[in-house]
Amino acid sequence: MLELRNLSRHFGGVKAVDQLDLTVRRGEILGLIGPNGSGKSTTVNLITGVYLPTAGDVVFQGQDISKLAPHQRCELGLARTFQNIRLFGHLTVWQNLWAARMVRERGWAGFKERWLSGANAAREQAEELLVFGDLAHKRDMLAGNLAFGEQRRLELIRAAASGAELLLLDEPAAGMNAEEIEDLDNRIRSLRDQGRTILLIEHHMELVMEVCDRVAVLNFGRKIAEGTPAQVQQDAQVRAAYLGTDETAAT
Amino acid sequence: MDLMDFIDLTQSLIDGVLFGTTYSLIGIGFTLIFGVMHKINLSYAAASIGAAYLSLILVSLVPAPIVYLGAALLGGLLGWMVYLICFRYLPLNNPLAALMSTVGMLLAIEELISHMTMGMPQNYPALFASTNIEIGQFFLRGDLIFVFVLGCAAMVGLTLLLKRTRLGLATRAVAQQPVAAQLCGMGVNATNANTFIIAGFLGGTAGAMAGAAIGVLSPLMTLPLTVKGLVVTVIGGLGSIPGAIVAGLIVGGAENLFQFLRGVSERDIYVMLMLFAFLVFRPGGLFAAPGGRD
Amino acid sequence: MDFYLGLAQVIGIHSLLGLSAWCVLHTGQVSLAQGGFFAIGAYTAGVLTSMWGWPLALALAMGALLAAAVAVAVGFPALRVKGLMLVVATTAFAEIVRLVFFNFTWRVQTPAGPVGPDGSLGFGGIRYFPANGWTTLEVCLLIWALVSAVLLVLWWLDRSRVGTLWRAVGEDELAAQSAGINLTAAKVSAFGIGGAIAVLAGGVFAHYATHIEHNNFSILLATFAIAYPIIGGLSSLAGTILEVIFIQGFLLEGLRFIGDWRSLMFGVLIVVVMLVRPAGFLNRSLGLGLGLRRGASADKTGSIAKGGTHA
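**What to know about the overall build of chain C**
Helix and strand counts for chain C come out as twelve helices and three strands. Residue pairs in contact within chain C that sit at least 24 positions apart in sequence constitute 78% of those at least 6 positions apart.

Right, here's the structure in full:
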């Protein structure tokens, strides 16, 4: 579904992402992990179009999107959440969803749906997501006034609201306690079961190992391992990256 | 274009570049304040001219160089006042409010000047006005050279201040990470106030120089100086002092060039178009501050 | 009576200016370009009615179309930048317009003598109103009819998806982009609509004043234009109107006895208001709202503060 081919992004002398090859298969939950500074967020930014690559391609559903603007990529079915929550703080919960949903209403198809057909499928889907996120009772509250956990849920459903087939979740578990993480685990699975593909960037190892089908590991901008969670956990290079060499690290 | 025209053209250019240091100083002032507060102080140029006006009080008392110094010091004082009134007590996350506040300040200063002087232009002392240095076919006006040298001196002084003193270090630290700077014991408010004072110092100098180069001070100078200063800041790159310096010289030279080619009333059109060209092709400015990661 | 009608006319024209700025400010852009559009409207309408004999309505409509075209042409390159650079870009635009008209001379012969813009002397003889027998009252009503129409349109826009899109862009550009919103389209549309409103204001102003010159269109006018919504509170349309009434009516006219010190008072007033209520008077938190908006209060943060060099 998504292919990163020889993708590189340099900032001056710093190679934030270096010749990265990565494939995300349809319907899977792929985890992307790595120590701090390994280039995970940069990769997400490259995929969503916040950064343009220095070299290499980003191919989504067979189409080369390397040069497209972020909103165009979203139209094609790519959406993301942010590490530091970026909600529209002064819009209500519903308006946040709605703003994202509107991308599905462009063009002739959108026009027909809005004005000509009786039902409003887009609106219904947004309502469903609101319920899914357990935020229906807070739909008219300003997003900025939500509790932290609720804000994270809103980020999640807002990304889904744009009708994206591939969701990029950038450290959605940051700052959560164990109960919230378990809740997040379930939601991610549900979102996938509803037909989406998920790329999860995370630091919380338990979550990654639990929910991901496959895991890729970055270090210094390069991919050093890829495989099932079990395989990656055993990989010597991964252990070296996280725990350091020269130690007699416990297995 | 024959030789005489070419010489005149170059003469214009040289005069313009020399005067351009005035614009450089204003541009530096804007950039300094923007770099530290991430807000625009639209009243800056007005305060600079205001400082020059205030220094008129000294004119009959002391020789010209002291008058300029007075303008600089008064500029610093005015800068501090602007900080107190427009920035100190305003919420940090509401840049619009600070912007409007400075607009109000700009209006107030300009009107005050108009009222105090009944709208009549005031003569401002110029140094070396009757001196001319001849280099081949070119005349270098003494007063413009003096303005240029003064401007350079101010810029050198500023660079030394920022790079070599503790105050300068504090200013740069606060600009980059206000919270962390506070945790390291730097008083953010004091540092910001100092930045405004330094910028005001530069501004007062610029005001004095503008007055010296043109020979008169007039409230009509504030708006054009503001606009040109902003243009310089943008062309040079936000937050970049070397950029502002170079851009000031460019704008000064370009201004005279366009004036020579198309006359006074059309000259600013081309300066603005030049700005647009920069915005389209090099939006980060000449020396863009390095882009960071989100 | 005529005095109050005249005052009402001025308030009306400035209201249009304020509303025009309100549009653009909503997407988080600080634009000083309203003066430029105002000038375009004034000159276009003036030329069309006094030199070509067009009826007023058509002249205004033409001006609005022109504004849209200019907004798109200027907007696409200029609106890619943010913050201070945008302020400067829009200032430059307004100055270019002003200076172009300062140098613009085009006169035609009419039975009443030569008419047309005359460079630095300005453009006099826009005598549509007197020539067609309009009374002061009728002009006043026309102006306020326009204001009401614009208010209605803006209110409707704000409640619709366009309003949500605009505000989303104003809140957080990165998030908006990533949610599929086309930033440039949103910004240019706000800029264009704001420009069209300013053009209407300018067109009417030209006929009201019968003589226009470049001094009418300085940067100061643009700062007034953005002052109204900011001081009135960005969240409510009513705030802008009330602010215009307050400033123009009470302050500038009512304090006539202060004479020439009015502009100074205006400056001081702005400073004081920003200290006391930085979010503007009729912001939601005050609870007044007048029901003209459901939803958010509006401290515009984030995107305006940043300079233009972020990724």
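**Regarding the overall build of chain B**
Across its full length, chain B holds eleven helices and four strands. Its C-alpha atoms give chain B a radius of gyration of 19 Å, near enough to 19 Å, the size a compact globule of 294 residues would have. Its C-alpha atoms give chain B principal-axis dimensions of about 65 × 50 × 35 Å. Within chain B, the proportion of its 294 residues that are buried is 55%.

**So, the pairing of strand S4 (residues 55-60) of chain A**
All names here are of chain A. The sheet contact formed by strand S1 (residues 2-11) and S4 spans five bridges and is antiparallel. Counterpart to Glu-3 in the pairing with S4 is Val-59. Examined bridge by bridge, S4 and strand S5 (residues 63-64) share two bridges and lie antiparallel to one another. If you follow Phe-60 over to S5, its bridge partner there is Gln-63. The antiparallel pairing of S4 with S5 creates a hairpin that spans two residues between the two strands, and Gln-61 there sits at a positive phi of about 50°.

**A few points about the sheet that holds S4 of chain A**
All names here are of chain A. The sheet built from four strands is open, its strands ordered S2-S1-S4-S5 with antiparallel pairing. Each end of this open sheet is capped by a strand with a single partner; those strands are strand S2 (14-24) and S5. The sheet strands contacting helix H1 (residues 40-48) are S1, S2 and S4, and the helix crosses S2 at an angle near 65°.

**Focus on the pairing of S1 of chain A**
Residues and elements named next belong to chain A. Note: S1 against S2, seven bridges, orientation antiparallel. The partner of Phe-11 across the bridge, within S2, is Val-14. Hairpin remark: S1 followed by S2, antiparallel, with two residues in the connecting loop; positive phi at Gly-12, about 65°.

**As for the packing of helix H9 (residues 222-236) of chain B against helix H4 (residues 83-102) of chain C**
Contact geometry of H9 of chain B with H4 of chain C gives a least axis separation of 10 Å together with a crossing angle of 130°. Accordingly, the angle class assigned to the pair H9 of chain B and H4 of chain C is oblique. Two packed elements cross with a definite hand, and for H9 of chain B against H4 of chain C that hand is left-handed. Two secondary-structure elements touch here, H9 of chain B through Val-227, Leu-230, Val-231 and Val-234 of chain B and H4 of chain C through Met-85, Val-88, Thr-91, Ala-92 and Glu-95 of chain C. Of the residues assigned to the contact of H9 of chain B with H4 of chain C, the class counts are seven nonpolar, one polar and one charged.

**Observations concerning the environment of Gln-34 of chain C**
Residues and elements named next belong to chain C. Turning to its location among the elements, Gln-34 is positioned in helix H2 (residues 34-51). Gln-34 gets classed as buried once you count the C-beta atoms within 10 Å, which come to 31. As for Gln-34 and Ala-196, which are separated by 162 residues in sequence, their C-alpha atoms are 9.6 Å apart. Setting aside chain neighbours within four positions, we find Gln-34 in contact with Leu-17, Ser-20, Ala-21, Gly-194, Ala-198, Ala-222 and Ala-225.

**Observations concerning the interface of chain A and chain C**
Between chain A and chain C, the contact holds 26 residues from the first and 21 residues from the second. For the side of chain A that touches chain C, the elements supplying multiple residues, two or more each, are helix H2 (70-76), strand S6 (78-80) and helix H3 (93-101) of chain A. Partitioned by chemical class, the residues of the side of chain A that touches chain C number 15 nonpolar, seven polar and four charged.

**Some details on the nonpolar core**
Within the largest apolar cluster, 270 residues are counted, with the highest numbers of intra-cluster contacts made by Leu-200 of chain A together with Val-231 of chain B. Element by element, the count of residues in this core is highest for helix H9 (residues 183-209) of chain C, at 16 residues. Sequence-distant contacts of Leu-200 of chain A, that is, excluding residues within four places in its chain, are made with Ile-29, Leu-30, Gly-31, Leu-32, Leu-169, Ile-188, Val-208 and Cys-212 of chain A.

**Here's the deal with the sheet that holds strand S8 (residues 197-201) of chain A**
Residue and element names in this part refer to chain A. One open sheet accounts for six strands, arranged S6-S7-S8-S3-S9-S10; its pairing is mixed. The open sheet terminates on both sides in strands that have one partner only, identified here as S6 and strand S10 (222-227). Adjacent strand axes in the sheet meet at a mean angle of 20° when their direction is disregarded. Note that strand S3 (residues 29-33) and strand S9 (residues 214-219) share four bridges and pair parallel. Along S9, the bridge assignment pairs Leu-30 with Arg-214. Helix H7 (residues 178-193) rests against S3, strand S7 (166-170) and S8 of the sheet, and its axis sits at about 150° to S8.

**Overview of the packing of helix H2 (residues 44-55) of chain B against H9 of chain B**
All names here are of chain B. Axis separation between H2 and H9 bottoms out at 8 Å; the angle between their running directions is 130°. Comparing their axes, H9 and H2 come out oblique. Crossing handedness for the pair H2 and H9: right-handed. Contacts between H2 and H9 involve Tyr-44, Ala-45, Ala-46 and Ile-49 on the former and, on the latter, Thr-222, Leu-225, Thr-226 and Gly-229. Residues belonging to the contact of H2 with H9 are distributed by class as follows: five nonpolar, three polar and no charged.

Calculation criteria
- Residues numbered from 1 in each chain as written.
- Chains lettered and ligands numbered in written order.
- Predicted model: local features only at pLDDT ≥ 70, side-chain atom pairs only at ≥ 80, totals over all residues.
- Helix = DSSP H or I, 4+ residues; strand = E, 2+ residues; numbered from the N terminus.
- Contact = placed C-beta atoms within 7 Å.
- Rg over C-alpha atoms; globule rule 2.2 N^0.38 Å.
- Buried ≥ 20, exposed ≤ 12 C-beta atoms within 10 Å, placed from the backbone.
- Pairing = 2+ DSSP bridges.
- Axes fitted to C-alpha atoms, helices over the stretch in contact; angles between N-to-C directions.
- Parallel < 35°, antiparallel > 145°, perpendicular 65-115°, else oblique.
- Left-handed = near helix turned anticlockwise from the far one by under 90°.
- Nonpolar A, V, L, I, M, F, W, Y, C, P; charged D, E, K, R; others polar.
- Core = buried A, V, L, I, M, F, W, Y, C linked by C-beta atoms within 7 Å.

All quantities given are derived from atomic positions and should not be read as evidence of function.
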